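Now for the letters of each chain:
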Amino acid sequence: MMHLLRERLYWRKRTRVPEPNLVMQSETQTESFARAGQEGGALAFLYLYHAVQITSVLQPGDRVLDLACGPANQLLQIARLNPQVHFVGLDASSTMLQCAQNTLAQAHIHNVELVQGDMTRLVRQEDASMDGVICTMSLHHLPDHAALCTTLREVRRVLKPQGRFYLTDFGRLKLLRTQRFFADDLRQSTQFTEDYFNSLRAAFSVEELSAAVAPLGSDVQRHVTVLAPFLVVFKSAFQRPMDPPTLQRAKEAFAKLSATHQDNFRSMASWFRVSGYALPCELD
């Protein structure tokens, strides 16, 4: 709380520092990141939170593009909750895609196809070919604001006229010690902690993200964690009530989380709820 209050009161903005490795090809980095997102991993609660929120903007029969899907731990959660949706996971790293293939195969997930590509140039996706586009915690990997704007124009191009989206990422914090606190707080490997810290330093500001998302339309909803922009969500105004089978799957996923991760899930939900962004359902 003290870090958040300092962020709230501090007036000077921090300059963005792009990540040293924009595409994660190192096996050590890939494995470290993948472990953190596995069931029981440090990020499992966060992935379930986003999976539940994303589910509310999807409909059965949709074709949905996931930008920078990485090792597919997040995509696995979403695909498992939405078996009647077809997902296309895109990533620039062949190492990540191999990891993603293994992740999905081990979980027996069959409604996902994986493709290699650059999210700033969606050359394999035709105009108005997608019912939905999602991107979770990956926009900060882009080299600069121009690339961010190009990516969002591509999102607009591949979405159908009534297409839906869910985009979430870090917001840029003002204090270096706050960035370091959040990186160290997960108590992970040295490799993961350093990558996480670099991600926080590479985050775009809320204003930069908002400007880039503007082409997606006037009904874009923006949600920012209260006190400090640790996380930012941009989504379609559309929201579908969760049907009983999907809700049951979500509850089962929540029940599998450890007690600590369940508490972390509740804390994340409360952090957003205070800013006006509630979950579409209760899981416990």
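Residues numbered from 1 in each chain as written. Predicted model: local features only at pLDDT ≥ 70, side-chain atom pairs only at ≥ 80, totals over all residues. Heavy atoms only, no water.

## Concerning the sheet that holds strand β4 (residues 130-136)
Part 1 of the argument: The strand order across the open sheet formed by seven strands is β3-β2-β1-β4-β5-β7-β6, and the pairing between neighbours is mixed. Of all the strands in the sheet, the pair left with one neighbour each is β3 (112-116) and β6 (221-224). Within the sheet, the average angular offset between the axes of one strand and its neighbour, ignoring direction, is 15°.
Part 2 of the argument: In terms of strand pairing, β4 meets strand β5 (residues 159-170) through six bridges, oriented parallel. Looking across to β5, one finds that Val 133 is bridged to Phe 165.
Part 3 of the argument: Contacts from helix α9 (residues 206-213) reach β5, β6 and β7 (231-235) within the one sheet, and its direction differs from that of β7 by about 15°. (Pairing = 2+ DSSP bridges. Helix = DSSP H or I, 4+ residues; strand = E, 2+ residues; numbered from the N terminus. Axes fitted to C-alpha atoms, helices over the stretch in contact; angles between N-to-C directions. Contact = heavy atoms within 4.5 Å.)

## Notes on the packing of aromatic side chains
The relative placement of two aromatic rings is captured by the distance of their centres and the angle of their planes.
Part 1 of the argument: Enumeration over the complete set of coordinates arrives at twelve aromatic pairs.
Part 2 of the argument: Judged by centre distance (5.7 Å) and plane angle (90°), the rings of Phe 272 and Tyr 277 are edge-to-face.
Part 3 of the argument: Here the aromatic cluster, defined as three or more aromatic residues joined through ring pairs, consists of Phe 170, Phe 181, Phe 182, Phe 192, Tyr 196, Phe 230 and Trp 271.
Part 4 of the argument: Sitting over the face of the ring of Phe 238, Arg 164 holds its NZ or CZ atom 5.2 Å from the ring centroid.
Part 5 of the argument: When the ring centre of Phe 197 is taken as reference, the NZ or CZ atom of Arg 180 above it lies at 3.8 Å. (Phe/Tyr/Trp six-rings, centres within 6.5 Å; stacked < 30°, edge-to-face > 60°. Lys NZ or Arg CZ within 6 Å of the ring centre and 35° of its normal.)

## A closer look at the pairing of β3
Part 1 of the argument: Two elements, strand β2 (residues 86-91) and β3, share five bridges in a ladder whose sense is parallel. What sits directly across from Phe 87, in β3, is Val 112.
Part 2 of the argument: A crossover links β2 with its parallel partner β3, the connecting element being helix α5 (residues 94-106), and its sense is right-handed. (Right-handed = clockwise from strand over helix to strand, strands pointing away.)

## Description of the nonpolar core
Part 1 of the argument: Val 52, Phe 87 and Phe 230 are the most contacted members of the largest nonpolar core, which has 58 residues in total.
Part 2 of the argument: If one sorts the elements of this core by residue count, helix α3 (residues 44-55) sits on top with nine residues.
Part 3 of the argument: Discounting residues that sit within four places of it in the chain, Phe 230 has contacts with Asp 169, Phe 170, Gly 171, Leu 173, Phe 182, Tyr 196, Leu 200, Thr 225 and Trp 271.
Part 4 of the argument: Formed by 30 residues, the second largest nonpolar core is a distinct cluster that contains Leu 139, Leu 152, Leu 167 and Leu 209. (Core = buried A, V, L, I, M, F, W, Y, C linked by side-chain atoms within 4.5 Å. Buried < 20%, exposed > 50% of the residue type's maximum accessible area, 1.4 Å probe, protein only.)

## Some remarks on helix α8 (residues 190-201)
Part 1 of the argument: Under the 1.5 Å per step criterion, the end-to-end length of α8 is 17 Å for twelve residues, consistent within 8% with the ideal 16 Å.
Part 2 of the argument: Taken as a whole, α8 has its buried residues at Phe 192, Thr 193, Asp 195, Tyr 196, Phe 197, Asn 198, Ser 199 and Leu 200. (Expected span 1.5 Å × (residues − 1).)

## Structural notes on the layout of surface pockets
Part 1 of the argument: Volume-wise, the second largest pocket comes out at about 530 Å³.
Part 2 of the argument: Every element with two or more residues in the lining of the second largest pocket is listed here: α1 (2-9), α3, α7 (176-185) and α11 (259-274).
Part 3 of the argument: Examining the composition of the lining of the second largest pocket, we find that six residues originate from one element, α11, more than from any other.
Part 4 of the argument: Taken together, the residues that form the lining of the second largest pocket break down as 13 nonpolar, five polar and two charged. (1 Å grid on protein atoms, 1.4 Å probe; cavity = no way out; pocket = protein on both sides within 12 Å on 5 of 7 lines; lining within 4 Å. Points joined across faces, edges and corners; volume = space filled by probe spheres on them. Nonpolar A, V, L, I, M, F, W, Y, C, P; charged D, E, K, R; others polar.)

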